[in-house]
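Residue-level structural notes
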Amino acid sequence: MSDLLFDVNLQQVPDDYLAGTWRIAHRVLNRADPASPLAQATNLDLGSQQLVLEAPSLTETGSWDVQRDELLNRPYLRLNFPSEELRALVTRLRRTADGARSQLNLYFSSGLEMQLDRP
Amino acid sequence: MSADSSTSAAPAQENEFNFLADFIPQLVWITDPTGFHTYFNQRWIDYTGYTLADSVGAEMWNNLLHPDDQARARQVWGHSLATGDDYRIEYRFKSKEGEYRWFLGEARPKRNDDGHIVTWFGTCTDIDEQRRAADQLAEREAEFATLADNMAQLSWMARPDGHIYWYNKRWYDYTGYDLAEMEGWGWEKVHHPDYMESVVNFVTVAWPKGEPWELTFPLRGADGQYRWFLTRAIPVHDEQGHLVRWLGTNTDVTEMRQLQEQLQNAYNDLEAKVTFRNLELEHEVQRLRRELGK
């Protein structure tokens, strides 16, 4: 039973539910930029101090925070890298009852969609 | 005088006994305490084709039985002879045409003043039609049970007040419980606590109404996981229109519900994505406006 993932209500999700080291499990690439660091990323570490993007051939660091807008019924992430700022809508967050496992779906304004798993 | 009366009364009683014994529809027989036949009525002779003289011999009657019934009949009759217990058995006797019919064999001993058995009086009642009807009914029940146990749904039958007295095999396979644990209101064991109250409230109203009803709720499987089931209940009425039982099925609709949920989520996601992308544009417009306003 502890392995079951439950949908988290995105209108009330605490920010720390989104923090942590996420493994990119699945993505739908946007044709516009399939070679971008984000499109190649294997891990995304949303740490308390910084953001770290890990891809096979590079590592990028930056900062991140959780944003909310009254027009949206769910939060979005603002990811600040030295070269660009990205925004990603949280379309789904699922986690086990004890929080040991989570699954996060992000939709970037570029059209890129990702499913991230933790651990 | 009395001796003359008794002497003249005995043949009359014997005649009356023979008349009665030949008149009644049963085959009638009498044996001595050892089981040796001393009398068969005319119906026995007409049915088997054997007279008393033909039927002499310890195994004669047994040889007229269906081969599958002979050992059992010998054992049961032997038990009665040994203990004096009443004799009762169902078996097949062969007619003179060579066909077997089912009979109910019954016998009771007559004892003397000392309590010793002096005679066994027995009858064989033709129960062939009832037996064949019962066999056909049992066959139909077996066919129904096979059908019910192998259908895709869980199914059940309940009394008019909702007391469930039968489930099919799929129900037991799915829930992991047996009839003893499930009979009556045992089904509450496999209901999700969050839905129990609403289900109980619903059926409390539905049972007395006696009309078909449907309800969807989760049921816990033997693996501890809950799945969603669409439950349909159909009332069965007798010729007078009285409700005699309920027939119910539980159809697993978990995957259908998941697909509906996924479809709804996809729709909600699409709306959110469009809003999100428009939000980006709105932020861009606001930024441009701020730059122009400088």
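Numbering of residues starts from 1 in every chain and runs along the sequence as written. To label them, take the chains in the order written and letter them from A, then take the ligands in the order written and number them from 1. Since the coordinates come from a predicted model, pLDDT governs what is reported: local features require at least 70, and pairs of side-chain atoms require 80 or more to be given and counted, while whole-chain, interface and lining totals use all residues.

1. Quick notes on the overall build of chain B
The helix and strand inventory of chain B stands at 9 helices and 10 strands. For the exposure call, what matters is how many other C-beta atoms sit within 10 Å of a residue's own: 20 or more marks it buried, 12 or fewer exposed, and in between partly exposed, using C-beta atoms placed from the backbone. Across the 294 residues of chain B, 16% fall into the buried class. Whether two residues are in contact depends on their C-beta atoms, placed from the backbone: they are in contact if these lie within 7 Å. Summarising the internal contacts of chain B: among those between residues at least 6 apart in sequence, 35% fall at separations of at least 24. We count a stretch as a helix when DSSP gives it H or I for four or more residues in a row; a strand needs E for two or more, and each element gets its number in order from the N terminus.

2. With respect to the overall build of chain A
Within chain A one finds 1 helix and 9 strands. Along the chain direction, N to C, the helices and strands of chain A fall in the order β-β-α-β-β-β-β-β-β-β. Sorting the 119 residues of chain A into buried and exposed places 22% on the buried side. Taking contacts inside chain A between residues at least 6 apart in sequence as the whole, the part at least 24 apart equals 42%.

3. Let's talk about helix α4 (residues 67–83) of chain B
All names here are of chain B. Take the residue count of a helix, subtract one, and multiply by 1.5 Å to get its expected span. The end-to-end C-alpha distance of α4, which contains 17 residues, comes to 25 Å, matching closely the 24 Å that a straight helix rising 1.5 Å per residue would cover. Listing the buried residues of α4 in full gives Asp69, Ala73, Trp77 and Ser80. Contact partners of the buried residues in α4: α3 (60–63), β3 (87–94) and β4 (100–111). At the exit of α4 stands glycine 84, carrying a positive phi of roughly 85°.

4. With respect to the sheet that holds β4 of chain B
Residue and element names in this part refer to chain B. Ordered by their spatial adjacency, 5 strands build an open sheet running β2-β1-β5-β4-β3, and the pairing between neighbours is antiparallel. Strands at the two margins of the open sheet, each flanked by one partner only, are β2 (37–40) and β3. On average, adjacent strands in this sheet sit at an angle of 25° to one another, irrespective of strand direction. A fitted line through C-alpha atoms represents every axis, and for helices the fit uses only the stretch in contact; the resulting angles, taken between N-to-C directions, go from 0 to 180 degrees. Each of β3 and β4 touches α4; the most contacted strand, β3, lies at about 145° to it. Strand pairing requires that DSSP identify at least two bridges connecting the strands.

5. Notes on the environment of glycine 105 of chain B
Residues and elements named next belong to chain B. Looking at the element boundaries, glycine 105 is found in strand β4. For the pair glycine 105 and tryptophan 77, spaced 28 residues apart in sequence, the C-alpha separation works out to 9.9 Å. The residues contacting glycine 105, other than those within four sequence positions of it, are Tyr87, Ile89, Tyr91, Gly122 and Cys124.

6. Structural notes on the confidence of the model for chain B
Residues and elements named next belong to chain B. Each residue carries a pLDDT score, the predictor's confidence in it, ranging from 0 to 100. Per-residue confidence for chain B averages 90 on the pLDDT scale, and 94% of its residues sit at or above 70. Here residues 1–6 scores under 50 on pLDDT; set against residues more than four positions off or in separate chains, the count is 0 contacts. Overall fold confidence (pTM) sits at 0.56, and the ipTM for the predicted complex is 0.83.

7. Some remarks on the nonpolar core
Buried Ala, Val, Leu, Ile, Met, Phe, Trp, Tyr and Cys residues whose C-beta atoms connect them within 7 Å together make up a nonpolar core. Among the nonpolar cores identified, the biggest contains 26 residues, and Leu77, Ala88, Leu89 and Leu106 of chain A are the most heavily contacted of them. If you list the elements that add at least two residues to this core, you get β2 (20–28), β3 (43–46), β6 (76–80), β7 (85–95), β8 (102–108) and β9 (113–118) of chain A together with α9 (254–292) of chain B. Leave out the neighbours within four places in its chain, and alanine 88 of chain A touches Tyr76, Leu77, Leu79, Leu106, Tyr107 and Phe108 of chain A. In terms of nonpolar packing, the next biggest core, distinct from the first, is built from 17 residues, Trp29, Trp44, Trp61 and Ala73 of chain B among them.

8. Focus on helix α5 (residues 128–150) of chain B
Relative to the 33 Å expected for 23 residues at 1.5 Å per residue, α5 of chain B spans 33 Å between its end C-alpha atoms, a close match to the ideal helical length. Taking burial as the measure, the 23 residues of α5 of chain B include 1 buried ones, a minor fraction of the element.

9. Some points on the sheet that holds strand β9 (residues 226–237) of chain B
Residues and elements named next belong to chain B. Reading across the sheet, the 5 strands line up as β7-β6-β10-β9-β8 and stay open at both edges, with antiparallel pairing between neighbours. Either end of the sheet is taken by a strand with one partner, and the two such strands are β7 (164–167) and β8 (213–220). Across this sheet, the average inter-strand angle for adjacent strands is 25°, counted without regard to direction. Where β9 lies against strand β10 (residues 243–252), 9 bridges are found, and the strand directions are antiparallel. Considered in β10, the bridge of valine 236 is made with arginine 245.

10. Quick look at unusual backbone geometry
Residue proline 119 of chain A is reached from arginine 118 of chain A by a cis peptide bond, and omega for that bond is -5°. For proline 119 of chain A, the location among the structural elements is in the segment after β9.

11. Re the environment of proline 14 of chain A
Its location among the elements puts proline 14 of chain A in the loop between β1 (6–7) and β2. Each C-alpha atom, one on proline 14 of chain A and one on proline 75 of chain A, is 9.9 Å from the other, the two residues being 61 residues apart in sequence.

12. Things to note about the pairing of β9 of chain A
Residue and element names in this part refer to chain A. Looking at chain direction, β2 and β9 are connected through 5 bridges and run antiparallel. Within β9, the position partnered with arginine 27 by the bridge is methionine 114. Linking two consecutive strands that pair antiparallel, namely β8 and β9, is a turn of 4 residues; a positive phi of about 105° is found at glycine 111 within it.

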